[in-house]
Amino acid sequence: MQPPTPLQTAAHPMTPVSGRVLRRRWETDDTFTLDIEVAGGRPFPFAPGQFNMLYLFGVGEVPISISGDPDDPSKLTHTTREVGVVTRAMRRLRPGDTLGVRGPFGSAWPVSEAEGRDVVVIAGGIGLAPLRPVVYHLMRHRLRYNRIVILYGARSPEDILYAKELGQWSARLDVEVLVTVDRAARRWRGNVGVITRLIPRAPFDPENVVAMVCGPEIMMSFTVLELHRRGVASERIHVSMERNMKCAIGLCGHCQYGPHFICKDGPVFRFDAVEDLFRVREF
Amino acid sequence: MKIHTIPEILGEVPFFRDLKPEYREFLAGCARNVHFKAGEFLLLAGKKATHFYLIREGHVALEMEAGNKVFSIQTIGEGQILGWSWLVPPYTWHYDARAVEPVSAISFDAKCVREKCEKDPVFGYELLKRFSRLIAERLMATRIQMADLYQ
Ligand SMILES: Cc1cc2nc3c(=O)[nH]c(=O)nc-3n(C[C@H](O)[C@H](O)[C@H](O)COP(=O)(O)OP(=O)(O)OC[C@H]3O[C@@H](n4cnc5c(N)ncnc54)[C@H](O)[C@@H]3O)c2cc1C
Ligand code: FES
């Protein structure tokens, strides 16, 4: 199935449509979620893994993944970590403020190919945002999948994204959720240690699992190494890549990654397509 | 409920599973079941490493103090080994280890195990191979942690 293209929502993929902020929630100290209504309440279909270009008038435009429910196209949801000029301006948006939206762009997580198999979703830090639509999809269509495992790592308990939802998912008997943090004060009662340590004991069949991995590149490198060690083949590992973007439609070359354009061929890649470009420096 | 003997338990955990049965018996001769309440310390930094543990139930947090605050830097849970400093002189612990919840474990007497290693170098080498893997894993985990994965 082809993921939706921007032509469904705008006259031209380079022309933003107007979006109005409905709600802003703080997830952590530096990360917030915006619910956005697109021009006149038009539905905004997207596939899990796709992203939009969000344009702040007079400031700039940035690629941000869609973090909402793909089965509810009535509102658009984005979770953003404040790192620089545009994302800092974005954190100041209030309900009623407007921004430009271009998208959805890019490839999707392989939720259809994963049917009938175990699925392991592995996210680090803000990387849970692009994977949350996958989790919504898996939960809604639970019977189509075998075991579902969600592994999530954050720097500290205070940096955990969607903490309430993680709690709700882990309360389900048909989903295994393992969360770990790199360091914690004493009051934290959960796992402490790097996310790669969760992989050897995660309950999935390495021969019949589809892994979807998202986080900073270094986190994905070590995660893939551990998945390989567990016997998961590169063809069944998918990663989401990030590079600076401008046009988001494969014209300007800003997002070039080896022979690929991340905006068009990615951001989600089957690992064997990018394996040679991934570098893990000897530790 | 069937009560499992220590050699049976050792036969079930990945760390000891592929060790020859006679070596597991050998190890069991240095081992006993122990229990800790939540908040109790299994190891204390700077103290002599007289034991190591196989955790059977519950979680243990490795802790260190930095800037007057205590941080947990790793948790060790069911089926995992706690402690390798008993193998390397001067045999002292580097971290505190605190039971996060009630913990059941098998405790191994380090001196007894070291003596068996000296007496039977093949057994010693088998054990050393397992502990070097464990030390390498922990070293790797520490390095990844230092790389600050989520930056
Ligand atoms: C396909 C795609 C999907 C993305 N999805 C999301 C998302 O869902 N949520 C989200 O928060 N971000 C996401 N990003 C990253 C986001 O686009 C950048 O953080 C954003 O462009 C930064 O813009 P800025 O103007 O705020 O920062 P800039 O002013 O451009 O940069 C300021 C500082 O931040 C650093 N920086 C820039 N980008 C990043 C980054 N990605 N991570 C860490 N540091 C960075 C720069 O090196 C610089 O030091 C995505 C990126 C891509 C390519
Ligand atoms: S952003 Fe222009 S080619 Fe990808």
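What counts as what
- Residues numbered from 1 in each chain as written.
- Chains lettered and ligands numbered in written order.
- Predicted model: local features only at pLDDT ≥ 70, side-chain atom pairs only at ≥ 80, totals over all residues.
- Heavy atoms only, no water.
- Helix = DSSP H or I, 4+ residues; strand = E, 2+ residues; numbered from the N terminus.
- Rg over C-alpha atoms; globule rule 2.2 N^0.38 Å.
- Buried < 20%, exposed > 50% of the residue type's maximum accessible area, 1.4 Å probe, protein only.
- Contact = heavy atoms within 4.5 Å.
- Buried area = accessible area lost by both parts, 1.4 Å probe.
- Salt bridge = Lys/Arg side-chain N within 4 Å of Asp/Glu carboxyl O.
- Polar contact = N/O pair within 3.5 Å; in protein donor to acceptor, adjacent residues only side chain to side chain.
- Pairing = 2+ DSSP bridges.
- Near = heavy atom within 4 Å.
- Areas by Shrake-Rupley, 256 points an atom, 1.4 Å probe, with all protein chains shown as cover.
- Nonpolar A, V, L, I, M, F, W, Y, C, P; charged D, E, K, R; others polar.
- Phe/Tyr/Trp six-rings, centres within 6.5 Å; stacked < 30°, edge-to-face > 60°.
- Lys NZ or Arg CZ within 6 Å of the ring centre and 35° of its normal.
- Domains from an automatic or database assignment.

> Tell me about the overall build of chain B, and please be specific about residues and values.
Within chain B, the secondary structure is distributed over five helices and eight strands. Computed over the C-alpha atoms, the radius of gyration of chain B is 16 Å, within 12% of the 15 Å expected from 2.2 N^0.38 for a compact globule of 151 residues. With the principal axes as the frame, chain B shows a C-alpha extent of 45 × 35 × 30 Å. Among the 151 residues that make up chain B, the fraction classed as buried is 44%.

> Talk me through the interface of chain B and chain A; I want residue IDs and the actual numbers.
Interfaces are often sized by the accessible area lost when the parts come together. Taken together, the 25 residues of chain B in the interface contact 25 residues of chain A. Roughly 2,400 Å² is buried in total at the junction of chain B and chain A, and carbon and sulfur atoms are behind 54% of that figure. Our count for the chain B to chain A interface comes out at one salt bridge. Between E63 of chain B and R186 of chain A there is a salt bridge, with its nearest N and O atoms 2.9 Å apart. If you look at where chain B meets chain A, you find six residue pairs in polar contact (both at pLDDT 80 or more). Alignment of strand 10 (residues 184-185) of chain A against strand 5 (residues 69-76) of chain B, held across two bridges, turns out to be antiparallel. Bridged to A185 of chain A within strand 5 of chain B is F71 of chain B.

> Provide a residue-level description of the site of ligand 1, including the pertinent values.
All names here are of chain A. Neighbouring residues of ligand 1: 18 residues in total, closest P63, R81, V86, T87 and E242. Between P63 and ligand 1, the recorded distance is 2.6 Å, taken from a backbone N or O atom to an oxygen atom. Contact distances for ligand 1 include 2.9 Å between an oxygen atom and a backbone N or O atom of V86. A total of 900 Å² of accessible area belongs to ligand 1 in isolation, and the protein chains cover 68% of it. The set of elements that each furnish at least two residues to the shell around ligand 1 consists of strand 4 (60-65), strand 5 (76-81) and helix 1 (85-91). The element that contributes the greatest number of residues to the shell around ligand 1 is strand 4, accounting for four residues. Residues that form the shell around ligand 1 fall into these classes: ten nonpolar, five polar and three charged.

> Before we move on, can you summarise the packing of aromatic side chains with the specific residues and values?
A complete count under the given rule lists 14 aromatic pairs over all chains for this structure. The interplanar angle of 85 degrees and the centroid separation of 5.4 Å between the aromatic rings of Y55 of chain A and F57 of chain A together place this pair among those described as edge-to-face. For the ring pair F15 of chain B and F131 of chain B, a centre distance of 5.1 Å and an interplane angle of 80 degrees mean the geometry is edge-to-face. Linking F15 of chain B in helix 2 (residues 14-17) with F131 of chain B in helix 5 (residues 121-146), this pair joins segments that are 116 residues apart in sequence. When its relative accessible area of 15% is taken as the criterion, F15 of chain B is described as buried. We classify F131 of chain B as buried; its relative accessible area is 0%. Following the ring pairs from residue to residue traces out a cluster consisting of F15, F16, F52, W86, F108 and F131 of chain B. The ring of Y162 of chain A carries the charged tip of R132 of chain A above its face, separated from the ring centre by 3.9 Å. Lying across the ring of F204 of chain A, R230 of chain A places its NZ or CZ 4.1 Å from the centre.

> Give a description of the pairing of strand 5 of chain A that names residues and reports values.
Residues and elements named next belong to chain A. Burial runs high along strand 5: five of the six residues are buried. Taken together, the six bridges between strand 2 (residues 31-38) and strand 5 define a ladder with antiparallel strand orientation. Bridging from a neighbouring strand, T31 pairs with R81 of strand 5.

> Describe in detail the domain arrangement of chain A, supporting the description with residues and values.
Residue and element names in this part refer to chain A. What the domain assignment reports for chain A is domain 1 (17-105) and domain 2 (118-240). Relative placement of domain 1 and domain 2: their C-alpha centres are 24 Å apart. On the side of domain 2, 16 residues touch domain 1, which itself brings 18 residues to the contact. Buried area between domain 1 and domain 2, summed over both chains or domains, comes out near 1,200 Å², and the portion from carbon and sulfur atoms is 57%. In terms of surface lost to domain 2, no three residues of domain 1 exceed T28, S67 and D71, which account for 31% of the buried area on that side. On the surface where domain 1 and domain 2 come into contact, there are two salt bridges. In this structure, the connection of domain 1 to domain 2 is made through three residue pairs in polar contact (both at pLDDT 80 or more). For the side of domain 1 that touches domain 2, the secondary structure elements donating two or more residues are strand 1 (17-28), strand 2 and strand 5. Looking at the side of domain 1 that touches domain 2, its residues break down into four nonpolar, ten polar and four charged.

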